[in-house]
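Residue strings, one per chain:
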Amino acid sequence: MKYVSTRGEAPVLGFDDVLLAGLAVDGGLYVPETWPELSSADVAGFAGRSYAEVGTRLMAPFLGGGIDEELMGGVLAEAYARFRHPAVVPLRQVGDNEWVLELFHGPTLAFKDVALQVLGRLFDAELTRRGERLTILGATSGDTGPAAIEACRDRNALDVFILHPAGRISEVQRRQMTSVSAGNVHNLAVEGTFDDCQDLVKAIFGDLALRERLRLSAVNSINWARVLPQAVYYLTAAVSLGGPSRPVTFSVPTGNFGNALAGWVARRMGAPISRLVVASNRNDIATRFLTTGVMELQAVHPTTSPAMDIQVSSNLERLLFELLDRHADQVARLMVDFGTTGRMEVPLERLAPLGDVFDTTKVDDDTVATAMGELYAASGHLVDPHTAVGLVAGRACRRDPTVPLVAMATAHPAKFPDTVEAATGVRPELPDHLADLFDRPERCTTLPCDIRIVRDYVVANARAGGAGGS
Ligand SMILES: *Cc1c(COP(=O)(O)O)cnc(C)c1O
């Protein structure tokens, strides 16, 4: 499989190069040249197969270069052996023809582990094959950082630097990062806000010579290799609920639109999916775009579902590319407009095909809290606030009660204990493997919000081209 950029001005690459490149050099996102298709017989044949087996089969046609089906099979088996549930992502019934798909049984209790545990291993395998090293740099407001660190720790080909705003993330989130003792993991607490951290990361990436020298890369969902593994659970969940003969509706709490895009990919390939509900919190750029065709930046409002408190849903660009019949020049024009003015618009009639797939709505914090309380009272189930956003939106958009509704449970309730306790009266407990989290020693360097100081720290400690080692 070859990959093209949504903006049409970057080289066509194979899977291994797309993995290492992340963002395309023209600012676009890589997408496969064609969409492989699964027949009904293929889908029926997945019944009873292990999660890693289905994943290997689904991903096989997307691979290439140094990463073949056998390597991927091994990576998936190893990555998902670390999950705390034999089904990897179990379904749990919470109501009448209503389920949650628990994506949080990985090491950091957030659904980001499902893809990042694969991504870290792929990076390491491919870089080792090439005899190269790479530096992962990112900013976190809480969830991505722990998952990225867990994915990259102790991988010799990678150094990882994660910036977080000092004193502004929860203690669980901080300790999940700072208690990791691996020598290639660098936690930087920046004296500033999350936006300051992001600006520092952008400024370092913006120094192209440095970016080249340190082989800087990112692990957010602009990377195709992070979106693809997420398509798998749409397929396995639909099959266990009766696919291919009985299609399922999924509701997806949405931030960067990576998860929802993975659902679109699964459906495009032939997974038995009726509809995809894009669930937003108050930060609803994806909902506004899907209903009006206008993509417009607004200020970020803090909510009780902070992993969705974002300004831009980057992966909408991949959907836009399909919507505009893969006219990369048009995508480039719209996205450049958006980059310079903070606004762009697609005529509503061009959006019409999306009506066959997506429903969307936004949910406010009070409704989320009420839903968490009611669910607990009715069924004894605790869900985290992100999951609750999806559940409420899925119910609101439901068209046919005979179609199973599956809400994506993207975080373990114990990641957001205060919000869960306020809504239900119950304080969720951390799973066993994190029970001693508050006793573990922490490793973290506090730095002022100063680009020169942060940059010098990264240069001094990165092994790829920096002064930090061999
Ligand atoms: C990242 C995240 C989301 C949003 O997923 P996207 O793929 O960015 O849309 C939702 N819930 C939780 C808990 C997350 O960590």
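Shown above is the structure to which this text applies.
Residues numbered from 1 in each chain as written. Predicted model: local features only at pLDDT ≥ 70, side-chain atom pairs only at ≥ 80, totals over all residues. Heavy atoms only, no water.

Draft legend 1. Local environment of the nonpolar core. Core analysis: the biggest nonpolar cluster contains 111 residues, and F15, F123, W224, Y233, Y234, F250 and F257 have the highest contact counts within it. Here the element with the most residues in this core is helix α10 (residues 224-240); it accounts for 12 residues. Setting aside chain neighbours within four positions, we find W224 in contact with Y3, F15, V18, Y30, P32, W35, F62, V265 and R318. Core analysis: the second largest hydrophobic core is formed by 21 residues, V363, V368, A371 and V383 among them. (Core = buried A, V, L, I, M, F, W, Y, C linked by side-chain atoms within 4.5 Å. Buried < 20%, exposed > 50% of the residue type's maximum accessible area, 1.4 Å probe, protein only. Helix = DSSP H or I, 4+ residues; strand = E, 2+ residues; numbered from the N terminus. Contact = heavy atoms within 4.5 Å.)

Draft legend 2. Inspection of the packing of aromatic side chains at higher detail. With the rule as written, the count across this model stands at 11 aromatic pairs. Centre to centre, the rings of W35 and F62 are 6.5 Å apart; their planes meet at 65°, and the pair counts as edge-to-face. Of this pair, W35 sits in the loop between β3 (30-32) and α2 (40-45) while F62 sits in the loop between α3 (51-59) and α4 (69-81); the two residues are 27 residues apart in sequence, bridging distant segments of the chain. Relative accessible area serves as the criterion here: at 10%, W35 is assigned to the buried category. Overall, the relative accessible area of 0% leaves F62 in the buried class. For the ring pair Y51 and Y80, a centre distance of 5.1 Å and an interplane angle of 85° mean the geometry is edge-to-face. With Y51 in helix α3 and Y80 in helix α4, the pair connects residues that are 29 residues apart, well separated along the chain. Here the two residues Y51 and Y80 agree in accessibility, since each one is buried. Here the aromatic cluster, defined as three or more aromatic residues joined through ring pairs, consists of Y3, F15, W35, F62, W224 and W264. (Phe/Tyr/Trp six-rings, centres within 6.5 Å; stacked < 30°, edge-to-face > 60°.)

Draft legend 3. Geometry of the site of the ligand. The full set close to the ligand counts 15 residues, and K112, D143, G255, N256 and T410 are the nearest of them. At 2.5 Å from an oxygen atom of the ligand is found a side-chain nitrogen or oxygen belonging to K112. One nitrogen or oxygen atom from the main chain of G255 is found 2.7 Å from an oxygen atom belonging to the ligand. (Near = heavy atom within 4 Å. Polar contact = N/O pair within 3.5 Å; in protein donor to acceptor, adjacent residues only side chain to side chain.)

Draft legend 4. Molecular detail of the layout of surface pockets. A volume near 310 Å³ is recorded for the second largest pocket. Surrounding the second largest pocket, 19 residues form its lining, R92, E102, F104, H412 and P413 being those nearest its centre. Grouping the amino acids of the lining of the second largest pocket by side-chain chemistry returns 10 nonpolar, four polar and five charged. (1 Å grid on protein atoms, 1.4 Å probe; cavity = no way out; pocket = protein on both sides within 12 Å on 5 of 7 lines; lining within 4 Å. Points joined across faces, edges and corners; volume = space filled by probe spheres on them. Nonpolar A, V, L, I, M, F, W, Y, C, P; charged D, E, K, R; others polar.)

Draft legend 5. Geometry of the side chain of R463. Mapped onto the elements, R463 comes out in the segment after α19 (451-461). Within the local environment of R463, its side chain forms a polar contact with the backbone oxygen of N156, the two atoms lying 3.0 Å apart. A distance of 3.1 Å separates a polar atom in the side chain of R463 from the backbone oxygen of L158.

Draft legend 6. How the structure looks around the packing of α10 against helix α11 (residues 258-269). The geometry of α10 relative to α11 is characterised by a closest axis approach of 8 Å and an angle of 60° between their N-to-C directions. One element, α10, and the other, α11, form an angle in the oblique class. Considering only the axes of α10 and α11, their crossing is right-handed. Two secondary-structure elements touch here, α10 through W224, V227, Q230, A231, Y233 and Y234 and α11 through G258, N259, A260, L261, A262, G263, V265 and A266. Residue composition of the contact of α10 with α11, by class: 10 nonpolar, four polar and no charged. (Axes fitted to C-alpha atoms, helices over the stretch in contact; angles between N-to-C directions. Parallel < 35°, antiparallel > 145°, perpendicular 65-115°, else oblique. Left-handed = near helix turned anticlockwise from the far one by under 90°.)

Draft legend 7. Up close: α11. The terminal C-alpha atoms of α11 lie 17 Å apart, and with 12 residues this matches the ideal 16 Å at 1.5 Å per residue to within 8%. When you tally the buried positions in α11, you get 10 out of 12 residues, the bulk of the element. Downstream of α11 by one or two residues, G270 has phi in the positive range, about 115°. (Expected span 1.5 Å × (residues − 1).)

Draft legend 8. Structural context of unusual backbone geometry. The linkage connecting G243 with the following residue, P244, adopts the cis geometry, with an omega of 5°. By secondary structure assignment, the location of P244 is in the loop between α10 and β10 (248-253). Its identity as a non-glycine residue notwithstanding, R326 has a phi of 65°, on the positive side. Along the chain, the position of R326 falls in the loop between α13 (316-323) and α14 (328-341). R326 sits in the partly exposed class, given a relative accessible area of 24%.

Draft legend 9. Summary view of the sheet that holds strand β9 (residues 216-217). One open sheet holds the five strands; their spatial order is β9-β6-β7-β8-β16, and the pairing between them is parallel. Edge positions in the open sheet fall to β9 and β16 (445-448), since each of these has one partner strand only. One ladder, built from six bridges, connects strand β7 (residues 158-165) with strand β8 (residues 185-191); its direction is parallel. Within β8, the residue paired with I162 across the bridge is N187. On the sheet, helix α6 (residues 144-152) packs against β6 (134-139), β7 and β8 and is oriented at approximately 165° with respect to β7. (Pairing = 2+ DSSP bridges.)

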